Amino acid sequence: MVRFKNRYLVLELIWKDSKTNEPLDERALVNVFRESVQLNFGDHGLGQCYGSLQVKYMSPLTNTCVVRCSRDHYQQVWCAITLLTEINQRPVLLRLLKLSGTIRECRQAALEHVCRKLKDLEPRLKAEYGRCVETAKQKISAIEL
Amino acid sequence: MEGGAVSLNNAGGSEAPRKRTINLPCDSKYLKIRMTLEPEQSTIPRELFARALNESLLQLYGLAGGAVALEFIKYDPSEATGIIKVDNSVSQQVWAASCLLTEYGEKKCRLEVIDSSSVLVGLAFDSREVTAKLGLFEPDT
């Protein structure tokens, strides 16, 4: 039996307004992505990638997320995500940081980006910085297939 | 065009003509589509037919996927039948989208592909109907 191939997208959310980050979890984000796929690629496109499209990790603090989809339809998902202009009535831009076929590389890229972002936030986080870094490392290490 | 082998009488000692087959790819496809509405209308305007076809592509393939170049060649409002030209690579998409449209506006709608051909002349008439009228063959019962 041929193994089911996936693609992992590490994305950065760039909010265009200056509001504080509202909690946005994986479930809310995957619904947003599915709506975008349906709008841009119709029922056929949504049906192709519905089962395989998942948000594996989302950090509202660093605005980083990891999305999994099937290898055959990753371009549709990538296109639909790039064409998103707002989430929950807030203008946003989603930028792809890393596209990988293995979860190991995806974890590595996500961890590097999150640590870099947390380093920039260190003056604001102060005493919480160490805890945030540990939590992020644990969550990213726990990303499964 | 391909054809069957032709055998000639070699009584005159002449050589049989050489045959060469060239396969020409057809870039476009012509589809003859009929629109039916329920409740029925006496005439269906061309704009309604075009909008329904675009709506079917939008529903099934979305904004990006449904951006297909369609060319309306001819439309008969009394029969609600139109001929469109599409690229060969997307003809199946258009065919599938038109078949899956069930309603447009507030009316039940059906878009039926009644004929398709790679050349426009192939949609000019139904050859079986013509031969039946000419009495060359018995019509299928």
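See the structure above.
Since the structure is predicted, the reported quantities are computational estimates derived from the model, not experimental observations.

1. What about the overall build of chain A?
Link 1 in the chain: Helix and strand content of chain A: five helices and five strands.
Link 2 in the chain: Ordered by position in the sequence, the α and β elements of chain A form the string β-α-β-β-α-β-β-α-α-α.
Link 3 in the chain: When burial is assessed residue by residue, chain A has 45% of its 145 residues classed as buried.
Link 4 in the chain: For chain A, long-range pairs separated by at least 24 residues make up 74% of all intrachain contacts whose partners lie at least 6 apart in sequence.
Link 5 in the chain: Carbon and sulfur atoms form 49% of the exposed surface of chain A, whose accessible area is close to 8500 Å².
Link 6 in the chain: Here chain A carries 23 positive and 16 negative side-chain charges, and the mean point of each set is 5 Å from the other.

2. Points about the packing of aromatic side chains
All names here are of chain B.
Link 1 in the chain: Considering all chains together, one arrives at two aromatic pairs over all chains under this definition.
Link 2 in the chain: Ring centres 6.1 Å apart and planes at 75 degrees place the aromatic pair phenylalanine 49 and phenylalanine 72 in the edge-to-face group. Linking phenylalanine 49 in helix 1 (residues 46-65) with phenylalanine 72 in strand 2 (residues 71-76), this pair joins segments that are 23 residues apart in sequence.
Link 3 in the chain: Residue class for phenylalanine 49 comes out buried when judged on its relative accessible area of 0%.

3. Overview of the interface of chain A and chain B
Link 1 in the chain: Of the residues lining the interface, eight residues belong to chain A; the matching set on chain B comes to eight residues.
Link 2 in the chain: Between chain A and chain B the total buried area reaches about 520 Å² when both faces are included, carbon and sulfur atoms providing 58% of it.
Link 3 in the chain: Where chain A packs against chain B, one counts zero salt bridges.

4. Section: the packing of helix 3 (residues 103-120) of chain A against helix 5 (residues 129-141) of chain A
Residues and elements named next belong to chain A.
Link 1 in the chain: Running from amino to carboxyl end, helix 3 crosses helix 5 at an angle of 165 degrees, the nearest separation of the two axes being 10 Å. Comparing the axis directions of helix 3 and helix 5 gives the class roughly antiparallel. In the crossing of helix 3 with helix 5, the sense of the turn from one axis to the other is right-handed. Contacts from Arg107, Ala110, Leu111, Val114, Leu118 and Lys119 in helix 3 reach Tyr129, Cys132, Val133, Ala136, Lys137, Ile140 and Ser141 in helix 5.

5. Looking at helix 1 of chain B
Residue and element names in this part refer to chain B.
Link 1 in the chain: In this model helix 1 runs just 24 Å from its N-terminal to its C-terminal C-alpha over 20 residues, more than 12% under the 28 Å that 1.5 Å per residue would give.
Link 2 in the chain: Of all the bends in helix 1, the greatest, near 85 degrees, is centred on glutamine 59.
Link 3 in the chain: Inspection of helix 1 places Leu48, Phe49, Ala50, Ala52, Leu53, Ser56, Leu57, Leu60, Tyr61 and Gly62 among the buried residues, and these make up the whole buried set.

6. Remarks on the sheet that holds strand 1 (residues 6-15) of chain A
The strands that make up a sheet pair up through hydrogen bonds in the backbone, lying either parallel or antiparallel.
Residues and elements named next belong to chain A.
Link 1 in the chain: Spatial strand order, 2-3-1-5-4: five strands in an open sheet with antiparallel pairing. Unpaired on one side and paired on the other, strand 2 (54-59) and strand 4 (86-87) mark the two borders of the sheet.
Link 2 in the chain: As paired strands, strand 1 and strand 5 (residues 90-100) are joined by eight bridges and run antiparallel to one another. Residue pairing across strands places tyrosine 8 opposite serine 100, the latter belonging to strand 5.

7. Things to note about the packing of helix 1 of chain B against helix 2 (residues 91-99) of chain B
Describing two packed helices takes the angle between their axes plus the distance from one axis to the other.
Residue and element names in this part refer to chain B.
Link 1 in the chain: Between helix 1 and helix 2, the least distance of the axes is 7 Å, while the angle of their chain directions is 120 degrees. By the criterion of interaxial angle, the relationship of helix 1 to helix 2 is oblique. The handedness of the crossing between helix 1 and helix 2 is right-handed. Contact with helix 1, carried on its side by Leu53, Ser56, Leu57, Leu60, Tyr61 and Gly65, involves Gln93, Val94, Ala96, Ala97 and Ser98 of helix 2 and no other residues of that element.

Cut-offs and rules
- Residues numbered from 1 in each chain as written.
- Chains lettered and ligands numbered in written order.
- Predicted model: local features only at pLDDT ≥ 70, side-chain atom pairs only at ≥ 80, totals over all residues.
- Heavy atoms only, no water.
- Helix = DSSP H or I, 4+ residues; strand = E, 2+ residues; numbered from the N terminus.
- Buried < 20%, exposed > 50% of the residue type's maximum accessible area, 1.4 Å probe, protein only.
- Contact = heavy atoms within 4.5 Å.
- Areas by Shrake-Rupley, 256 points an atom, 1.4 Å probe, with all protein chains shown as cover.
- Lys, Arg positive; Asp, Glu negative; His and termini not counted.
- Charge placed at Lys NZ, Arg CZ, Asp CG, Glu CD.
- Phe/Tyr/Trp six-rings, centres within 6.5 Å; stacked < 30°, edge-to-face > 60°.
- Buried area = accessible area lost by both parts, 1.4 Å probe.
- Salt bridge = Lys/Arg side-chain N within 4 Å of Asp/Glu carboxyl O.
- Axes fitted to C-alpha atoms, helices over the stretch in contact; angles between N-to-C directions.
- Parallel < 35°, antiparallel > 145°, perpendicular 65-115°, else oblique.
- Left-handed = near helix turned anticlockwise from the far one by under 90°.
- Expected span 1.5 Å × (residues − 1).
- Bend = angle between axes of the 7 residues up to and from the residue.
- Pairing = 2+ DSSP bridges.

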